[in-house]
Amino acid sequence: MSDTLISADVLGSDNKKREAALTSDYAHLGEQLSRRGIDIDAIRDKVAAFHVAVPSWGVGTGGTRFARFPGAGEPRDIFDKIEDCAVINELTRATPTVSLHIPWDKADPNRLKQAASRFGLSFDAMNSNTFSDAKGQANSYKFGSLSHADKGTRAQAVEHNLECIEIGETIGSKALTVWIGDGTNFPGQADFTKSFERYLDAMREIYAALPADWKLFTEHKMYEPAFYSTVVQDWGTNYMIAKELGDKAYCLVDLGHHAPNVNIEMIVARLIQFEKLGGFHFNDSKYGDDDLDAGSIDPFRLFLVFNELVDAELRRAKGFAPAHMLDQSHNVTDPIESLMRSANEIRRCYAMALLVDRKALAAYQDDNDALMASETLKTAFRTDVEPILAMARLKDNGAIDPIGAYRAAGYRQKVALDRPAVESGGGGIV
């Protein structure tokens, strides 16, 4: 029996006042779906089994290049973060794994395992940090890490990734995610080819140290913190890296790491087709890499991504086993509330994608009926699947309304009494 941080009485009381309405809404939706030949209970069960990892850093208040405004009851260390992550899973039942970032979350691995297991949590992919300098670090990453011109700096960055693997082995992780901020701000600042060669050489050392049952995820990003060029700038370069390194290397897709209006769902389809889709960092954006709550700006695009994922799932595409994780920055909201909402939005798009009439869609595509093919997707997207999501949570002892139950429990106010207030910070992305 796992410990809980939300009172069973509070959760039960909140669910009780909503359950009758949910039962009615669920039955009504079930009737609608039945007319389309869809078993609502089967969709509910698939949704209940769909999970997304929570990033440890996501439960803290984020910031911008200009300022950071801390929130009440911010986590002081990784153990506070684990507690906040446990609350998210208790209410949504969608986030049983936590993704750590080293050195931010560095602690005794056995203590980490104990803290997570107390709440029935486990650990997802490890994330290395060679995009900022840690205290006591010998060489700076100001001008790069794995692609740095200095051999000693590259060696230091490699060693850090090897340390992440070592920690991950102890806590039960099975993957390493590598994202670097390496790049340039001025034309001529660095040689594009040499930088990429150095990066590949360093990544080969990291890849060689992977345990047999691990995966390596590399992540592309077109800009920031480097604004003229980045070493791993797009999905094509990312694909080349994965092919160059070997069978355990895959591409990780962050939804915010693309140029505006890029067709991300087609990128996803390509990576699935060539067996190199490793997984996702889910978020949303309006202008660039905004790290906004998943589904908050363009829910249709998120649905279209899941349309490709469900298609691959149903046809049992070879090598298809993507990892799913949220990766957001919360500047003006309670991070726990934003992460709960995002986890539910991920499940919402998964549920809607399960409702697509695949047989009809294929027929319209083969018949070049563009309008009806589009309408087939829109029919699924327009379906209000909230009763399915809520019933999946309820059946798994979660909250019908996670944010409502969270606020009723007063968790944020309680932890604010124990966690010292943090002074407002200056510039610097956190």
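Each remark here, short or long, concerns the structure printed above.
In this report, we go over the structure that sits alongside the text.

What counts, and at which threshold
- Position labels on residues start from 1 in each chain and follow its written sequence.
- Note on the predicted model: pLDDT of at least 70 is required for a residue's local features to be given, and 80 or more for side-chain atom pairs to be given and counted; whole-chain, interface and lining totals, by contrast, use all residues.
- Note that water and hydrogens are dropped before the side-chain values are worked out from all heavy atoms of the structure.
- Planes of paired rings set the category: under 30 degrees apart is stacked, over 60 is edge-to-face and the rest tilted, where pairs are Phe, Tyr or Trp rings (Trp by its six-membered ring) whose centres lie within 6.5 Å.
- Any Lys NZ or Arg CZ found within 6 Å of a ring centre and within 35 degrees of that ring's normal is scored as a charge over the ring.
- To obtain an axis, a line is fitted to C-alpha atoms, over the contacting stretch when the element is a helix, and the angle between two such axes runs from 0 to 180 degrees between their N-to-C directions.
- Numbering of helices and strands starts at the N terminus; helices are DSSP runs of H or I of at least 4 residues and strands are runs of E of at least 2.
- Between 65 and 115 degrees an angle is taken as roughly perpendicular, under 35 as roughly parallel, over 145 as roughly antiparallel, and anywhere else as oblique.
- If you view the pair so one helix is near and one far, a crossing is left-handed when the near helix is turned anticlockwise from the far one by less than a right angle, and right-handed when it is turned clockwise.
- In this description, contact between two residues means that some pair of their heavy atoms is separated by no more than 4.5 Å.
- Nonpolar core, defined: a set of buried Ala, Val, Leu, Ile, Met, Phe, Trp, Tyr and Cys residues in which side-chain atoms within 4.5 Å join the residues together.
- Classification of residues uses two cut-offs on accessible area relative to the type maximum, computed with a 1.4 Å probe and protein chains only: under 20% is buried, over 50% is exposed, and between them is partly exposed.

## Structural notes on the packing of aromatic side chains
- The tally for this structure, following the rule as stated, stands at 15 aromatic pairs.
- Through pairs of rings, three or more aromatic residues link up here, namely Phe50, Phe280, Phe282, Phe306 and Tyr350.
- Across the ring face of Tyr250, the terminal group of Lys215 is positioned such that the distance to the ring centre comes to 5.1 Å.
- Directly above the aromatic system of Tyr250 lies the positively charged group of Lys276, at a separation of 5.3 Å from the ring centroid.

## Section: the packing of helix 10 (residues 335–354) against helix 13 (residues 386–395)
- Close contact between helix 10 and helix 13 brings their axes to 10 Å; oriented N to C, the two are set at 120°. The angle between helix 10 and helix 13 places the two elements in the oblique class. The hand of the helix 10/helix 13 crossing is right-handed. Listed contacts from helix 13 to Asn344, Arg347, Arg348 and Ala351 of helix 10 are Glu386, Leu389 and Arg393.

## Points about the nonpolar core
- One finds Leu146, Phe282 and Phe306 to be the most contacted residues of the largest nonpolar core, which totals 112 residues.
- The element that contributes the greatest number of residues to this core is helix 10, accounting for eleven residues.
- Those residues in contact with Leu146 that lie beyond four places of it in its chain are Arg154, Ala157, Val158, Asn161, Val178, Ile180, Asp182, Arg198, Tyr199, Ala202, Met203 and Ile206.
- Formed by five residues, the second largest nonpolar core is a distinct cluster that contains Ala125, Phe217, Tyr250 and Leu252.

## So, unusual backbone geometry
- Look at the link from Ile102 to Pro103: it is a cis peptide, with omega at 15°.
- For Pro103, the position within the fold is in the loop between strand 3 (101–102) and helix 4 (109–118).
- Here the residue pair Glu224 and Pro225 is connected by a cis peptide bond, since its omega of 5° sits within 30 degrees of zero.
- Positioned with a positive phi, Asn397 is a non-glycine residue whose angle comes to about 65°.
- By secondary structure assignment, the location of Asn397 is in the loop between helix 13 and helix 14 (402–409).

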